[in-house]
Every structure is written in structure tokens, then in C-alpha cells.
Amino acid sequence: MDDLPERYSYNPTLRWNADLESYFSNAYGPHHFSRISNALTRPSCYSCIRVNTLKSTPDAAIEKLRTVLKEKGADISKCEVGGMDYVLFVKGSDPQAIDYSCAADGKPPKEVLVSRKCAEAVLRGAQVYVPGVLGCTARVEKGDIVAVSVAVQQPGADGGWVVGITEGTVPQGSETDPYHLERSGLYIGKGRATLSRAGIFCVMEGLAVDMSVRVFNLPSLLEIFLQNLPSIIVAHALGPQKGERILDLCAAPGGKTTAIALLMKDEGEIVAADRSHNKVQGIYKLAAEMGLRCITPYKLDALKSVCIINDSDDFSNHSCTKDNHGGNIQGSDLLTSELENLESVTFERLNAEKDFKKSGRKWNGPGRNQSVGGTVEKSKGFAPKSFDQVLLDAPCSALGLRRRLFAGEHATYQRRMLDQAVQLVRPGGVLVYSTCTINPGENEAVVRYHPRIGGPGLVGRFEFPDGYTEPGEEELVQRFDPSSSLDTIGFFIAKFSVGSNEADLQNSAS
Ligand SMILES: C[S@@+](CC[C@H](N)C(=O)[O-])C[C@H]1O[C@@H](n2cnc3c(N)ncnc32)[C@H](O)[C@@H]1O
């Protein structure tokens, strides 16, 4: 039992798909990559809050926050970068050593084993829901305190990744338990079981463990608009002005759209497009909640966002014929990989929702992006050169998001989106491309591939044959490194000033 405190701790190693690991190790160098990998397993040491300046002031928001947090000493500060004092930082805690009360009688604690996705959601502040539970100690009764650990994928015999734990597993707290060794150092907190063991594996949905202590004690801010610092900076990089017409091509859930709207003081027009019906509804809802009127959400595939003009097309407002059919665009087209990209803690519970969807069970909790059965307007695209500014916050592998325990996904179709986005900017306008991944293949290589686009924060060859980036070009973009002292998510921003013709695209350091 000497190893108990060490076992019941949180000291994870991020698991990488082998190809990705060697690719990133090459791109960043092994030491830098190892620091990034380590940073990705824990949250930033602060939460970043954007004040709705149309409704409040930073000082009033700080007062309100102190009341909400009910902690007299809550460490809240304003961002000191010029023009960004409406961004507030609330300091979180370092990882805490949790007493799982296992040493007193020498017996191991009662345990609940959860899936990796469930654990990542818990680390961001969610509760443990039934579909995320893989195993539970025998004789756990409703109300019992349980230690929560995670079973992360392990390398399988065929070279893939497997979670070799079947639902309903009964851990004994002994070395013969499945993944006993592998779960050492992967305890993410403790809580009160809201169902007995039998209950957990009988029902399809609902809360399983009400988490009382998490290894990272971030203040509970679920009701307040949290946004990662780089996302706020994207809006500043665009530099929106009152009265402009702006297109946000992959807009849902609307974090950056609303940040842009605030900078425009809600004057002008922001077309907020996303291909997911449910998510577009979420944008409507968020804009309404924030009292923003300049946002017009549309369902639109960014890969088809430049419209082919027919004589019959209604070209008022530079939009091709809109299909205003009375709704009934029902059904969820939420994609699992897309959900990874949600940035606001307000939406974190969707990770748990994802587990529900995967398990084929019904989700019972509310979510901002849940279909509310309404209609969304569908766009067939927009006329070339019809926007002052275009933001392409592209869907990506999301390998910059933090509190992550496994990284194996990859996305590659940003180039085709960038091709569309470029065409929609008027001469003299601005295009901003951003992602929340540390993958240079989705960042530097994408912006570099246009002949006139410089781009990289990293120098070298990345993924595409034409993705080679020259020394000197790294200053033309902003790269947010999760292992740097800024302590943000991994993020990438490239800003382009569009010249008088499409080929004349200048990269300007944003
Ligand atoms: C990184 S998220 C955008 C986050 C958003 N900009 C924000 O700040 O809240 C990427 C979004 O792209 C959307 N998406 C993925 N493929 C798309 C496509 N082909 N056309 C339009 N949107 C797409 C996803 O639904 C997802 O909402």
C-alpha cells in the first residue's frame, strides 16, 4: 500500500497516435514537443472571461464575478494589452492532491472508471454521466463517495488503440483489475454516486457521479461567457469597424462571431455561417441572449460558399437565392469531431452529450446547441468579393485544446475552404484564417500553399509537398504555444490583406 498516494494522483502522459507523435516531434523538436504534450494534459492556470461591453463595464463585471464566485479573495485581473481591458482573467488553482481516504483502513477506495472522453469533460468541469461509466466497484450504493479514474486507450496488438474494458467491469482495487497499472496516476477527482452500481448499469442516461472535488479546482463559471484568449485575439486581428459587412464562415457556436460584433458595437452586418443546422440555431440563441442584432446566421457549407450566379438569382444583399423553406431541416448533423472544437466552458457539457450519442442513448440534459425544433435560414452562398472581411476559423484536428488525454485525430480539408474564403473578400479587404491546433500541416502549410501567402510560425517542411516554409516568414503569423508562459490553448492566426485581384494576397502579421 506504500504506493497508494502515487497511484491516486493525476500525473498523465498524453497518448499520441505514433505517426502524429513522430511528425510533431520532428516539427517542434523532441523537447519542445514533450513540453507541449505535457501542457495539453492540464488546463490553463486561469479562466478567461469576455465582458459584454454593450451591457456592462469591466469593473461592474468584476464586482459581479466576485459575488458569483462567492470567494472574497478570488484573483481577478484585467488584460493589460491595449484595448483589451474587457477581457478578465480569473486565476485557477494548481492541481490539488486529493484525499481519497484510502489509507485509513488500508482498503482501496470505491471506484468508478470512466471513458477518456468523459474524463476530459470532467476535467473541464462536467459531471460524470451514466454513458461515460465503464466500471464500478461492487456494492457501491447511492450516496457513496467514489474515486473517479480514467481508462485511456492503450496500444493494441494490431497497431491500433483499444480500451479493453467492457462496460460493467467490477474493479477490486487490486493489481488484477483491468488497466490497474495503466490507471495509476489517472485519478481525476472524487464525488458522490447518485445511483447504486446496479442502477448505473441499468439505466440509459442521467447523472452517475456528482463530482465534489476535481483535480483542477477551476472556479465554477458555467453561467458566464468564457472564451480562450486566442479566440478573442482573432476578433482583434480582423480589426472590424462599425458598419462593415463581415462573413464568419465556420461560426458555430458563435464565440468569435459575438466577439467581432462587440468590437463593431453591434453596428454593421455579420453573416455567421455554419453547416450544422443545430449549431446555427445555437448562434441565433447566443446572439439573442447577448442582445446582438447585427448577426445573421445561415446554414451553409463553407466548401460551397461562393455562389455560382444564375440569372434567376436574387442578388440583393449579395446573397444568392436563399432557400427559405419553412424549416423542417430536422435531425442532428452534429459531428463528433466538430464537437471537439467547442471552446467555451459554457458548452463543455456537450462532451458528455457526445458519449450519450455514441452509446445510442438519449441525452437528457440541456445544451445550447441542442435542436429546439426551430428553423434556420439556408444560404446557397455569396457573391465573390462581397465582404469587407472574412474569418475562416476552420474545423481542425483541435490538437491545441487542453485537458486532453489522447490525440489521434486529424483533419485536412481547410485548403479548399481557404480557396472559397479568399474569393469572398473585396479588394482591399481582410481575410483571417485560424485554427485551434498545434499541427503545422493545418496551419503554416495551409496558408503557405497559396503562392502569395507567406505564413509560418514554424520553419520547415510540413505534410504537403509545397508546405515548406522559409526562415523569416514565421513573424507573419501568430502561433499560441500551450507550453509557453501565456498558458493558452494551442492556436494559430494568419491575417491577409487582399489586394486588387485575387492573386494579390499579402500576409500581414496580425
Ligand atoms: C472551430 S469550430 C468554429 C468555432 C467558432 N468560430 C467559434 O469561435 O465559436 C468549427 C466549426 O466549423 C463547422 N464546420 C465544419 N465543416 C464545415 C463546413 N464544411 N462548412 C461550414 N461549417 C463547417 C463546424 O460545425 C464547427 O462549428
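In the annotation of an unreviewed UniProt entry, the protein chain is listed under the name Methyltransferase NSUN6 and assigned to Pyrus ussuriensis x Pyrus communis. Listed in UniProt under the heading Sequence similarities (unreviewed entry), the comment for the protein chain reads: "Belongs to the class I-like SAM-binding methyltransferase superfamily. RsmB/NOP family."

Caption draft 1: Examining the sheet that holds strand E11 (residues 187–193) more closely. One open sheet holds the six strands; their spatial order is E6-E12-E11-E8-E5-E7, and the pairing between them is mixed. In this open sheet, the two strands that pair with only one neighbour each are strand E6 (128–129) and strand E7 (133–136). In this sheet, strand E12 (residues 207–214) lies alongside E11 in antiparallel orientation, the contact comprising five bridges. Bridged to Gly-191 within E12 is Met-211.

Caption draft 2: Main features of the sheet that holds strand E3 (residues 76–78). A sheet is described by the order of its strands in space; here three strands give the open sequence E2-E4-E3, paired in antiparallel fashion. Because the sheet does not close on itself, it has two edges, and the strands there are strand E2 (46–50) and E3. Each strand axis lies, on average, 25° off the axis of its neighbour in the sheet, ignoring direction. One ladder, built from three bridges, connects E3 with strand E4 (residues 87–91); its direction is antiparallel. Within E4, the position partnered with Ser-77 by the bridge is Phe-89. Set on the sheet, helix H4 (residues 58–69) makes contact with E2, E3 and E4; between it and E3 the angle comes to about 165°.

Calculation rules
- Residues numbered from 1 in each chain as written.
- Predicted model: local features only at pLDDT ≥ 70, side-chain atom pairs only at ≥ 80, totals over all residues.
- Heavy atoms only, no water.
- UniProt positions renumbered as here; feature names shortened; annotations may be inferred.
- Pairing = 2+ DSSP bridges.
- Helix = DSSP H or I, 4+ residues; strand = E, 2+ residues; numbered from the N terminus.
- Axes fitted to C-alpha atoms, helices over the stretch in contact; angles between N-to-C directions.
- Contact = heavy atoms within 4.5 Å.

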